[in-house]
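Observations on the three-dimensional arrangement
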Amino acid sequence: MTPALLADLVRATASDVLRERGLDTGVLPDDVGVERPRSPEHGDYATNVALRTAKKAGVAPRDLAGWLAEALAAAPGIASAEVAGPGFINLRLAAEAQGALVGDVLSAGAAYGTGDEYAGRNVNLEFVSANPTGPLHLGHTRWAAVGDALGRVLVARGAKVTREYYFNDAGGQIDRFVDSLLAAAQGLPTPENGYGGAYIGEIAAQVVAAEPGALELPDAERREVFRRVGVGLMFDEIKRSLHAFGTDFDVWFHEKSLHDSGAVDAAVERLKASGNLYFHDGAWWLRSTDEGDDKDRPVIKSDGQPAYIAGDLAYYLDKRARGFDLCIYMLGADHHGYIARLRAAAAAFGDDPDTVEVLIGQMVRLFSDGQLVRMSKRRGTAVSMDDLVEWVGVDAARYSLIRSSVDSVLDIDLDVVSRRTNDNPVFYVQYAHARLASLARNAADLGLEPGDAYGLLEHPREGDLIRTLGEFPDVVRTAAELREPHRIARYLESLAGAYHRFYDACRVLPMGDEQATDLHRARLALCVAARQVLANGLGLLGVSAPERM
């Protein structure tokens, strides 16, 4: 019995009890919750439904809790129900009802943990979106891991998700990138405010090799060659790094296309015509303060040139024209002001501001030997995605970046995530899966197959593992709802711990000449279910589930 099914049973029972006593059933909360108590002595699950309902029903909480406990104790699948404290109800499940969850997991297989609450939602998920002026740094790498995992989680709960990368290939940063390439190609110092690092010289050399004679062209033509080829090479490098990291995109959208197509001008004119831009001090302004911005933002500057937000307006319109009803933007810590600006853009075009969601990610810091790692030894620049992968591998990098909430600064100890020990969270989880795979191979060698005598799974460690498996669908649902895939990583660590404790306390395979029993087979089925859920969870994070370690 999953927590969701148990909650349904509690609600139905409470409704019956209230009705039988002539009380208003409408006072029941919609979200009748059940939780696992911290202490096993308090039962398998606990509910506070009586506390939340009694006052509105006009009865004492402990009286209502007593009536509910009596009714629940007689319900199918409930072994006992007891009142505790001011009106909590502690529940213990019958072993067979609890163990039936194992069969549910095995039947669902890879689909266990999926849902349909986002069915019909068409989501545009934009993340990373780094300027093609250098390698992806650690902030980009964090978004590459978290964004990809969030996309997987939303899909698992029924959404149609398009992963999109927005290339800022227009404006001053590209000009400085081209200036830096030209200087490197000609053996000149890096321009003021230009880009340094070995990669600039490498790309400049590739441009010259690809376009012999480019340096002899007139200035405008030379710049165009270095822009076209240099940005393309940087673009390819970014794509290669992301793919190697396990993050691929459905759409690669170029900001420049919005300007070249006239989409920016069209969006601005539409807002002027609708009165959603106002003219002041020679510029056109968006009322972004209406959505909580600290000041209104210029869209067309006093010199007649579009401000950066003009491209954002056109880009939002383009997304909506492509049929997206939810546009999620995942941006770096220096983009906090974009929350109000993008919501204001949606409102200005007549949409619900909630069509836009902006997630802000904080910085990542790496430590080794207790010291902050600031630079790439190979490139002499800031640490890149490729550096992190080279040091710890894709799995450890992704897992470490995902397992913490993005709204907090993340510190990663390279010494810890490189170890093959249980204090390395990704190793701890993957080792549990590999240990289960090894057990399955040993069972096959013995000719032992899983059995369905789940009522025999009465050991406390068996119950703890089963209840942990039952939490997975709710964890995935909550991760999707709150846009927090780190919840899945933390859950997997809890599941791995529950499995390791179970394995240490409960023998799964018969020893020596011992004959296999129904209990052995039921425990093997529980192990197969645990392995399945570990694989499902790791898959949602884009992390491998190894068979051997």
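Here, every reference points to the structure presented above.
This text gives an overview of the structure that appears in the document. Nothing here was measured: the structure is a model prediction, and the numbers come from that model.

Attention shifts here to the overall build of the protein. Counting its secondary structure elements, the protein contains 19 helices and 15 strands. Taken along its principal axes, the extent of the C-alpha atoms in the protein is 90 × 65 × 40 Å. Within the protein, buried positions represent 50% of all 549 residues. Put simply, 70% of the contacts in the protein that link residues at least 6 apart link residues at least 24 apart. By element, 48% of the accessible surface of the protein is carried by carbon and sulfur atoms, the whole surface being about 24,300 Å².

Reading across the sheet, the 4 strands line up as β1-β2-β4-β3 and stay open at both edges, with antiparallel pairing between neighbours. The sheet is open, and its two edges are formed by β1 (34–35) and β3 (78–84), each paired on a single side. Sheet topology places β1 next to strand β2 (residues 45–47); 2 bridges connect them, and they run antiparallel. Each residue of the ladder has a partner; that of E35, found in β2, is A46.

This paragraph deals with the nonpolar core. Grouped together as the largest cluster of nonpolar side chains are 110 residues, with contacts concentrated most on V128, Y165, F177, L242, M330, I488 and L541. Ranked by residues supplied to this core, first place goes to helix α19 (residues 518–541) with 12 residues. When residues no more than four places from it in sequence are discounted, the contact partners of F177 are P132, T133, Y195, Y199, I200, I203, G230, V231 and M234. Membership of the second largest hydrophobic core comes to 32 residues, among which are Y166, L277, L286 and A348.

For the rest of this paragraph, the subject is helix α13 (residues 385–392). An α-helix turns once per 3.6 residues; consequently, residues spaced three or four apart project the same way. Every buried residue of α13 is listed here: M385, D386, D387, L388 and V392. Just past α13, the residue G393 takes up positive phi, approximately 90 degrees.

With that settled, the discussion passes to unusual backbone geometry. Despite not being glycine, V128 shows a phi value in the positive range, around 70 degrees. Relative to the elements of secondary structure, V128 occurs in the loop between β5 (122–126) and α5 (138–156). Backbone geometry at D369 places phi at a positive 55 degrees, although glycine is not the residue there. Note that D369 resides in the loop between β13 (364–368) and β14 (371–373). Relative accessible area serves as the criterion here: at 66%, D369 is assigned to the exposed category.

Right, let's talk about the state of the cysteines for a bit. All told, the structure shown has 0 disulfides when counted by the stated rule. With no disulfide of its own, C506 lies 9.1 Å from the sulfur of C527, the closest cysteine sulfur. Since its relative accessible area comes to 2%, C527 is described here as buried.

Look at α13 against helix α14 (residues 394–402): their axes get within 7 Å of each other, and the N-to-C directions meet at 115 degrees. Put simply, α13 runs roughly perpendicular to α14. From α13, L388, V389 and V392 reach across to α14, where they touch V394, A396, A397 and L401.

All right, on to the pairing of strand β15 (residues 410–413) then. Burial along β15 is one-sided: L410 and I412 are buried, while D411 and D413, pointing the other way, are not. Here β13 pairs with β15 via 4 bridges, running parallel. In the strand pairing of β15, R365 is matched with D411.

Sheet strands pair via backbone hydrogen bonds, and the direction of the pair is either parallel or antiparallel. Strand order in this open sheet of 5 strands is β7-β6-β5-β11-β12, and the pairing throughout is parallel. Because the sheet does not close on itself, it has two edges, and the strands there are β7 (251–254) and β12 (356–361). Neighbouring strand axes in the sheet, compared pairwise and without regard to direction, differ in orientation by 25 degrees on average. Sheet strands in contact with α5 are β5, β6 (160–167), β11 (326–332) and β12, and its direction is about 160 degrees off that of β11. Of the strands in this sheet, β5, β6, β7, β11 and β12 are in contact with helix α11 (residues 308–321), which crosses β6 at around 155 degrees.

So, about helix α6 (residues 172–185). In this model α6 runs 20 Å from its N-terminal to its C-terminal C-alpha over 14 residues, within 8% of the 20 Å that 1.5 Å per residue would give. Three or more residues of α6 are buried, namely I174, F177, V178, S180, L181, L182 and A183. In this structure, the buried residues of α6 make contact with α7 (198–210) and α8 (219–244). Once α6 ends, the next one or two residues include G187, with phi positive near 70 degrees.

This part takes up the pairing of strand β9 (residues 283–286). Inspection of the sheet shows strand β8 (residues 277–280) paired to β9 by 4 bridges, in the antiparallel sense. If you follow H280 over to β9, its bridge partner there is A283.

Rules and cut-offs
Residues numbered from 1 in each chain as written. Predicted model: local features only at pLDDT ≥ 70, side-chain atom pairs only at ≥ 80, totals over all residues. Heavy atoms only, no water. Helix = DSSP H or I, 4+ residues; strand = E, 2+ residues; numbered from the N terminus. Buried < 20%, exposed > 50% of the residue type's maximum accessible area, 1.4 Å probe, protein only. Contact = heavy atoms within 4.5 Å. Areas by Shrake-Rupley, 256 points an atom, 1.4 Å probe, with all protein chains shown as cover. Pairing = 2+ DSSP bridges. Core = buried A, V, L, I, M, F, W, Y, C linked by side-chain atoms within 4.5 Å. Disulfide = S-S within 2.5 Å. Axes fitted to C-alpha atoms, helices over the stretch in contact; angles between N-to-C directions. Parallel < 35°, antiparallel > 145°, perpendicular 65-115°, else oblique. Expected span 1.5 Å × (residues − 1).

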